[in-house]
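# Topology and contacts: notes
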Amino acid sequence: MGEQALKGIKVLEVGNIVAGPWAGTLLGDFGADVIKVEPPKTGDLMRGMGRIKDLWFCVEGRNKRCITLNLKSEKGKEMMAELIKEADILLQNFRPGVFDRMGFTWERIQELNPRLIYVCSSGYGQTGPKAKKPGFDRIGLAEGGFLEVTGEPDRAPIKPGISVADFYTALFAALGAMMALYHRDVMGTGKGQMIDCCLTDTMLRMQESILAEYSYDGTIRTRIGNGTFVTIPSGHFKTKDGKYLVLSVTGDKLFNMWAEKIGRADMITNSKYNNQEARQKARDEINQICADWALEHTIDECLRILGDDIPAAKVYNVVDILNEQQYKVRNMILDVATEKFGTIKMQGIVPKMSETPGEVKWAGKPLGYFNDEIYSKVLHKSQEEIEQMKSEGVI
């Protein structure tokens, strides 16, 4: 393996759960030295979340040097200031104002390290009338417009099974950090900057042409179930063996191919179905034809009949994912050793880079695992000083 893309970049991460910390995970996957600061005793709330305590943290805490530090103590604030001086990127996702009240305003941070790239992730952003309100994933999905278009038209909106708003906000945060790093180092300004990411902005940005449609003709897009107006037929269709076939057919060529494969070549010349405008009007009817066909076949039969040219798939559960040869070939399922759970499987690195590939060096470590290493080798504290900070509850 060659050198990693972010080798030498020092990241300081302060925060909880996903929207802030996952940006650190992405950077750490590609070689950044990520020091994760957690409160003593409790640590990142992610450690206690999920069905099995500490297991999720093994995945998202990977490649990070975890330390504890009490930021409510004066000594803890002193240590944080020293860490800031050493960092290239600082990630935090406290509610706006919290880090400021600890003494770390943007102005103070610039004084400590004018080269620092300061990335803030929150519910509503650092400005605006709602800035100080708490914001969680579901709130971002709601106010960003995502829930309005997700689910069946006659039922309540459906939240995805994972924290979509949190993960995408972290992705934008990591992207912002990389652009700021380019501005500082490649363009040669030498200057850091503040990056403001939030759940609501993130989900709003992902709303396709919804705003444009409303401004153009007053249409308010809402829930239409699993289908779309662009791909017809499309949806999740139950099969004879109780599985679900996912289908997405776009354009005349694929529609004609699909109709022929399911034994309905008559649809190709029928004016009700033979162009996109007609298919939009007959969307429900076409989807029902597809649903009836799927119920007559097992999932394997459906996929065999449709072949490789029709965009179709089975809805995978975790067992299907682990057995999928595509993921094995792309090294997307990794076996990683942990202190508590033995060797576990976790997701691989995204994206794949030919010259500077990412790597999982270790799973998320126990709380305070790297305390002695960071405080002695990075901040040059003596063992006596470290023991004193432990006894005082600073670390």
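Just so it is clear, the model here is predicted, and its values are computed rather than measured. (Residues numbered from 1 in each chain as written. Predicted model: local features only at pLDDT ≥ 70, side-chain atom pairs only at ≥ 80, totals over all residues. Heavy atoms only, no water.)

The next subject is the overall build of the protein chain. Of the regular secondary structure elements, the protein chain holds 18 helices and eleven strands. With 395 residues in all, the protein chain has 45% of them scored as buried. A distance of 2 Å separates the average location of the 51 positive side-chain charges in the protein chain from that of its 53 negative side-chain charges. (Helix = DSSP H or I, 4+ residues; strand = E, 2+ residues; numbered from the N terminus. Buried < 20%, exposed > 50% of the residue type's maximum accessible area, 1.4 Å probe, protein only. Lys, Arg positive; Asp, Glu negative; His and termini not counted. Charge placed at Lys NZ, Arg CZ, Asp CG, Glu CD.)

For the rest of this paragraph, the subject is the nonpolar core. Among the nonpolar cores identified, the biggest contains 36 residues, and Val11, Leu27, Ile89 and Val119 are the most heavily contacted of them. Of all the elements, helix H7 (residues 164-186) adds the most residues to this core, at seven residues. Those residues in contact with valine 119 that lie beyond four places of it in its chain are Ile89, Leu90, Leu91, Gln92, Ala173, Ala177 and Ile195. Among the nonpolar cores identified, the runner-up in size contains 33 residues, and Val14, Phe99, Leu112 and Phe370 belong to it. (Core = buried A, V, L, I, M, F, W, Y, C linked by side-chain atoms within 4.5 Å. Contact = heavy atoms within 4.5 Å.)

A surface patch of nonpolar side chains, amounting to about 530 Å² of accessible area, comprises Tyr168, Leu171, Phe172, Leu175, Met179 and Met206. Mapped onto the elements, methionine 206 comes out in the loop between helix H8 (199-205) and helix H9 (210-217). You can call methionine 206 partly exposed: its relative accessible area is 31%. (Patch = residues over 30% accessible without salt bridge, like charges linked within 9 Å, V, L, I, M, F, W, Y side chains within 5 Å. Areas by Shrake-Rupley, 256 points an atom, 1.4 Å probe, with all protein chains shown as cover. Salt bridge = Lys/Arg side-chain N within 4 Å of Asp/Glu carboxyl O.)

For the structure shown, the criterion picks out zero disulfides. A disulfide-free cysteine, cysteine 66 has its sulfur positioned 10 Å from the sulfur of cysteine 58, the nearest such atom. The thiol of cysteine 290 is not disulfide-bonded; the next cysteine sulfur, from cysteine 302, is found 8.0 Å away. Relative accessible area serves as the criterion here: at 0%, cysteine 290 is assigned to the buried category. (Disulfide = S-S within 2.5 Å.)

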